[in-house]
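Listed below, chain by chain, are the residues.
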Amino acid sequence: GWISCSEHVLRYVAGEDRCFKRIFAALGSGSDGLALEAASTLSMIFSAKAGAKVAGETELLQVAKSRAFKDITHLDTLVRPLRGSKHVSPLQLMYTVKVFGQIVCFPGKLSTSSALQKLVIQHLGGIGRPFFGLFSHPAESVHHYAAYIMESISESGSAIMEPIRNAALQEGAYLSHLKSAIFSSGEPSKTSKRLIQIWTEGYGPAMELVKRVFPRGFYFILLGRLSKKGKAAAGGKAQPEKDHGAEEANENIKEPTGPWEIFWRAVASDHSGAALIWNERCRTELQDALEREENSLLLAKNKVKDTGGTISWNHTEFFVIYPSLEKELSIAGIYIRLLLDSYEKSGVLERLPNSKDVFLSLYGQFLGLSDLDIGYSAEKETRELCLKAMICIYRQYGAEIGPFDGVAHCTLLLDKTKSNTYRHYLLQLLEALLVKEDITSIAVQQKKLWEVAIRANSKVFILNKGVELCLEMATNVHNYVSDFGMPTKSKLLAYDSHTNEVKDWHCDIDVTIESAKVEKMETGLYGGYSRDNILKLYKDGKIDYRTLCWAPGMIEPLPLYQIRELRWKLCEGKSVLNAMEAAKIALHIIQALSSLHAAYDADGNALHPLPLVHRQLSESSTFPHVVQMLLAKAPDVVAEAATLLKTILEHNDERIKCLFLSGAFFFILSYPGSNFVQLANLLLVSHQRQAFHNADDAGTKTRIAEKSFLGSILPESLLHILDHYGSEVFAKAFVSENDTPELVWTHEMRTKYLLPQIHQHVGDFNMRLKQHSHSLYDYNPMPPVEYPELEGEVWCYRYYLANLCDEDRFPEWDIKEHVEFLQSLLTKWRNELLLTPVTLSYEDACKILELERFG
């Protein structure tokens, strides 16, 4: 009869050890009725609400709990029903779970000593798989208490919680609650979400399961790599309604926060981005997969239930396939098509959660597909997507990715690939690996990382003859000059004095093509072929890659395969870039490398020996072809070539003094465009440093027209503009009309006299370059250019005297360096007097000048 005493009496006697001994004796008596009443009594004793009016309630409860479990066997007795005994009634189990909740869960744990909490949690953590039988209990409050008890266990450390987490996977509870968390609503969904979070956080096998069940983007959300995007995507999702009939334990189960809150909202929302594609169809596919697996596991458990056997879920091999996403190329969890679409629309790449992993995985995918002998198919398109994505990603995340180990392979592939498409994408990829335009505008730390990456990449590229390959790509622009013509936006002057096709190619086969005469040459090969003839012979099967070919500029005949100009023309696939675009990128890479590995130190002193890239570009086999890029007739390419030449020559005295032998000055002045600034910059640093005089005469020249290689080509007034006002003023003057005391230069002087004479002197070299981009210019001095407009003009110091004296047109013209000017006038006057006898008397001169005779 003592067990049924009133609550107040039980609270009064709770301090007596013998009371608890009798309660636990009843729990272990084997009588269902006694055990039920004992569990109920413990629940009432430990309930905070039961004694709300009793003073010092917390202290009293703490004393009661401590005395109740003073004997460790009492705890074993209380835990025993949770270990899966079939003889425990559901009511007793409910009260037992409630007692544990009142000990380790809020608010009951406030009246539990820390030592007792630790002891109880250790016992509960050791229960293992039987604990999950609580989630099959008919009372929903038991589910909530079980979840909250698990949260308390998880807060005590991963070592205690690991058996529970492992058991959740073995039992399949993880599978059931994952489905409930996503596809249920109300309190069951909230409880399941909390349990999934408890079982997953900090537990590797569960995180790996998440990676296999969901698209990779959700895994990134849990890692916090997509938090901002996740919040934005799920921000409009309404919160589930609260069930006001929940038990007190459930009132304390909180909504997931941080990455988990974002995760659940993201699962319930639709997404279409590079890192995550998720929609209603995907959710349906996930639900079907979870239900199939859950039903299969339940069936297997039922089969062994009667025999007493145990079935564990093979969670390590469970994964979900999403048929709706199979057509999307996914690399390291990133959908490449959407990544590129986004980049093409906005010019900005989406923030990637794992840029280095994606980049290296793309490269691995590209290499893997390269090993297959495939034609133009889906696999080939995939390789192109891989290259395009690598370009975009490295341009934006190069600092995070760091130096790339595949630079040498990409450089080799640039040369050897049989696909025009791949070659152009590889060129753009190498540009991304070697060039960072706006590096000065980024944060200091990022700038350092970029510099480390670019320097490491460039070193490998240079050592693997990448500069030679880029120059080869650039010189191909000569072959295609007629494809894009001369852009009108640059106001180019169309001029070409030689239009007949030059046939400079030789090969070791005697075949008549289009009635053209072919003769045996001194090389032992048959000559008189054009480049197109050679290509046609190959396509017709009359020659192959082993056939020896030769053209002027080559040291010796080579097999066709070793002549890149021909081999690249025989490649398949659509060209992504035209010749001008490819040449511009190639020169841009070389220019960036030349600037990165500067030829001078911090004090502006030239380095010796020069950096490797400068030595490579200054070699006799390379330098002429850089100079000949000035004949490209493509404004952007010419500008890049001029800038590159200035970088190469500015601190290279040996090479700059022989620049005139390459024909550079003829090529510059024959350029018919109006964008002349870069060319003028090159002229400024080089025109007075040419070794074109005899050694005995070099030191005796004083006038700028005598010191400059351009002295016999351009009026001396133009050279003064270049030296005194700089390249920008010179460039503007050179392409415009000028008639001032300092300069007389007109459009007609340029187009009627300068351009025709230079084109006549250079001859058919443009056409030879078009046939063979490695032709070499044979220098010959050019006769002085005569300008009839300057006949009768007297040039003195830096002024045309007739214009200077024309006060109507040029009133009060500012005379610079007037002392030196006057001295030059007197010198010129004396020289004129020496040339012409004086017939004018002193008196006549005074009369003309209206001066009185002196003395």
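Residues numbered from 1 in each chain as written. Predicted model: local features only at pLDDT ≥ 70, side-chain atom pairs only at ≥ 80, totals over all residues. Heavy atoms only, no water.

1. Focus on the overall build of the protein
When its secondary structure is counted, the protein shows 42 helices and 13 strands. Burial status across the protein gives 49% buried among its 855 residues. By sequence separation, contacts in the protein at least 24 residues apart represent 70% of the contacts at least 6 residues apart. Summing over all exposed atoms, the protein offers an accessible surface of approximately 41700 Å²; the carbon and sulfur share of this is 51%. (Helix = DSSP H or I, 4+ residues; strand = E, 2+ residues; numbered from the N terminus. Buried < 20%, exposed > 50% of the residue type's maximum accessible area, 1.4 Å probe, protein only. Contact = heavy atoms within 4.5 Å. Areas by Shrake-Rupley, 256 points an atom, 1.4 Å probe, with all protein chains shown as cover.)

2. What to know about helix α36 (residues 716-725)
Most of α36 sits inside the fold, with 7 of its 10 residues counted as buried. Against the buried residues of α36 lie α34 (677-686), α35 (704-707), α37 (727-734), β11 (744-745), β12 (795-796) and β13 (799-800). Downstream of α36 by one or two residues, glycine 726 has phi in the positive range, about 95 degrees.

3. Remarks on the environment of proline 188
In this fold, proline 188 is placed in helix α11 (residues 186-200). Residue proline 188 is classed as partly exposed on the basis of its relative accessible area of 39%. Taking the C-alpha atoms as reference, proline 188 lies 8.9 Å from glutamate 140; in sequence the two are 48 residues apart. If we ignore the near neighbours within four places in the chain, the residues touching proline 188 are Glu140 and Ser180.

4. What about the pattern of salt bridges?
Inspection of every chain in the model, using the stated rule, returns 33 salt bridges. For the salt bridge of lysine 301 with glutamate 171, the shortest nitrogen-to-oxygen distance reads 3.2 Å. A residue pair is termed long-range when its members are at least 10 positions apart, and lysine 301 in helix α17 (residues 280-305) and glutamate 171 in helix α9 (residues 158-171) qualify at 130 residues. Of the charged contacts, one joins glutamate 294 and lysine 179 as a salt bridge, the two residues approaching to 2.7 Å between their closest N and O atoms. With glutamate 294 in helix α17 and lysine 179 in helix α10 (residues 173-183), this residue pair connects regions lying 115 residues apart in the sequence. Salt bridges sharing partners connect three or more residues here, namely Asp415, Lys416, Glu468, Glu472, Arg564 and Arg567. (Salt bridge = Lys/Arg side-chain N within 4 Å of Asp/Glu carboxyl O.)

5. With respect to α34
Along α34, the residues that are buried comprise Leu679, Ala680, Leu682, Leu683, Val685 and Ser686. Those residues of α34 that are buried are in contact with α31 (635-649), α32 (653-656), α33 (664-670), α36 and α37.

6. What to know about the pairing of strand β7 (residues 526-529)
For strand β5 (residues 505-507) and β7, the ladder comprises 3 bridges, and the chain directions are antiparallel. When the bridges of β7 are listed, histidine 506 appears paired with glycine 527. Inspection of the sheet shows strand β6 (residues 519-520) paired to β7 by 2 bridges, in the antiparallel sense. The partner of lysine 520 across the bridge, within β7, is tyrosine 526. What sits between the antiparallel neighbours β6 and β7 is a turn of 5 residues, in which glycine 524 has the positive phi angle 90 degrees. (Pairing = 2+ DSSP bridges.)

7. Describing the nonpolar core
The nonpolar side chains of soluble globular proteins are, as a tendency, buried together. Core analysis: the largest hydrophobic core is formed by 223 residues, its most contacted members being Trp199, Phe214, Leu630 and Leu714. If we ignore the near neighbours within four places in the chain, the residues touching leucine 714 are Leu669, Leu719, Phe730, Phe734, Trp745, Leu754 and Tyr787. Listed in part, the 20 residues of the second largest apolar core include Cys507, Ile534, Cys549 and Ile563. (Core = buried A, V, L, I, M, F, W, Y, C linked by side-chain atoms within 4.5 Å.)

8. Here we look at the packing of aromatic side chains
Applying the stated criterion across every chain yields a total of 40 aromatic pairs. When the ring of phenylalanine 263 is compared with that of tryptophan 264, the centres are 5.0 Å apart and the planes differ by 80 degrees; the resulting orientation is edge-to-face. When the ring of tyrosine 394 is compared with that of tryptophan 450, the centres are 6.1 Å apart and the planes differ by 80 degrees; the resulting orientation is edge-to-face. One end of the pair, tyrosine 394, is in helix α20 (residues 378-401); the other, tryptophan 450, is in helix α23 (residues 444-463), with 56 residues separating them in the sequence. Directly above the aromatic system of tyrosine 219 lies the positively charged group of lysine 211, at a separation of 4.9 Å from the ring centroid. Over the aromatic face of tyrosine 561 sits the side chain of arginine 567, whose NZ or CZ is 4.6 Å from the ring centroid. (Phe/Tyr/Trp six-rings, centres within 6.5 Å; stacked < 30°, edge-to-face > 60°. Lys NZ or Arg CZ within 6 Å of the ring centre and 35° of its normal.)

9. Looking at the packing of helix α6 (residues 90-104) against helix α7 (residues 114-125)
Contact geometry of α6 with α7 gives a least axis separation of 10 Å together with a crossing angle of 140 degrees. It follows from the interaxial angle that α6 and α7 lie oblique. Viewed along their axes, α6 and α7 form a crossing whose handedness is left-handed. Across the interface between the two elements, Phe100, Ile103 and Val104 of α6 pack against Gln117, Val120, Ile121 and Leu124 of α7. Taken together, the residues of the contact of α6 with α7 break down into 6 nonpolar, 1 polar and no charged. (Axes fitted to C-alpha atoms, helices over the stretch in contact; angles between N-to-C directions. Parallel < 35°, antiparallel > 145°, perpendicular 65-115°, else oblique. Left-handed = near helix turned anticlockwise from the far one by under 90°. Nonpolar A, V, L, I, M, F, W, Y, C, P; charged D, E, K, R; others polar.)

10. A look at the packing of α23 against helix α28 (residues 579-596)
Two numbers describe how α23 lies on α28: the axes approach to 11 Å, and their chain directions differ by 115 degrees. With respect to α28, the axis of α23 lies roughly perpendicular. Crossing of α23 over α28 shows left-handed handedness. Listed contacts from α28 to Ile454, Arg455, Ser458, Phe461 and Ile462 of α23 are Ile589, Leu593 and Leu596. Residues of the contact of α23 with α28, tallied by class, amount to 6 nonpolar, 1 polar and 1 charged.

11. Let's talk about unusual backbone geometry
For the peptide bond that leads from phenylalanine 106 to proline 107, omega is 5 degrees, which places it in the cis range. Although it is not a glycine, glutamate 817 adopts a positive phi angle of roughly 55 degrees. By the secondary structure assignment, glutamate 817 is in the loop between α40 (801-804) and α41 (818-835). Given a relative accessible area of 35%, glutamate 817 falls into the partly exposed group.

12. Concerning the environment of serine 113
Summarising the element assignment, serine 113 is placed in the loop between α6 and α7. With relative accessibility at 19%, the residue serine 113 sits in the buried group. Taking the C-alpha atoms as reference points, serine 113 and lysine 65, 48 residues apart in sequence, are found 8.4 Å from one another.

13. Some remarks on a nonpolar patch on the surface
Residues Leu822, Leu826, Trp829 and Leu833 make up a contiguous nonpolar surface patch of about 410 Å² in total accessible area. Here leucine 822 lies in helix α41. (Patch = residues over 30% accessible without salt bridge, like charges linked within 9 Å, V, L, I, M, F, W, Y side chains within 5 Å.)

14. A closer look at the confidence of the model for the protein
Mean pLDDT for the protein: 83, with 87% of residues reaching 70 or above. Within the model, pLDDT remains below 50 along residues 50-55, and this stretch shows 8 contacts once partners closer than five positions in the same chain are excluded. Scored below 50 in pLDDT, residues 372-376 makes 6 contacts in the model with residues more than four places away or belonging to other chains. (pLDDT = per-residue confidence, 0-100.)

15. Some remarks on the sheet that holds β6
Ordered by their spatial adjacency, 5 strands build an open sheet running β6-β7-β5-β8-β9, and the pairing between neighbours is antiparallel. The two strands at the open ends of the sheet, each matched to only one other strand, are β6 and β9 (558-559). Bridge count for strand β8 (residues 548-550) against β9 is 2 bridges, and the pairing is antiparallel. Within the sheet, the bridge partner assigned to cysteine 549 lies in β9 and is leucine 558. Where helix α26 (residues 531-539) meets the sheet, it contacts β5, β7 and β8, and its direction lies at approximately 110 degrees from that of β7.

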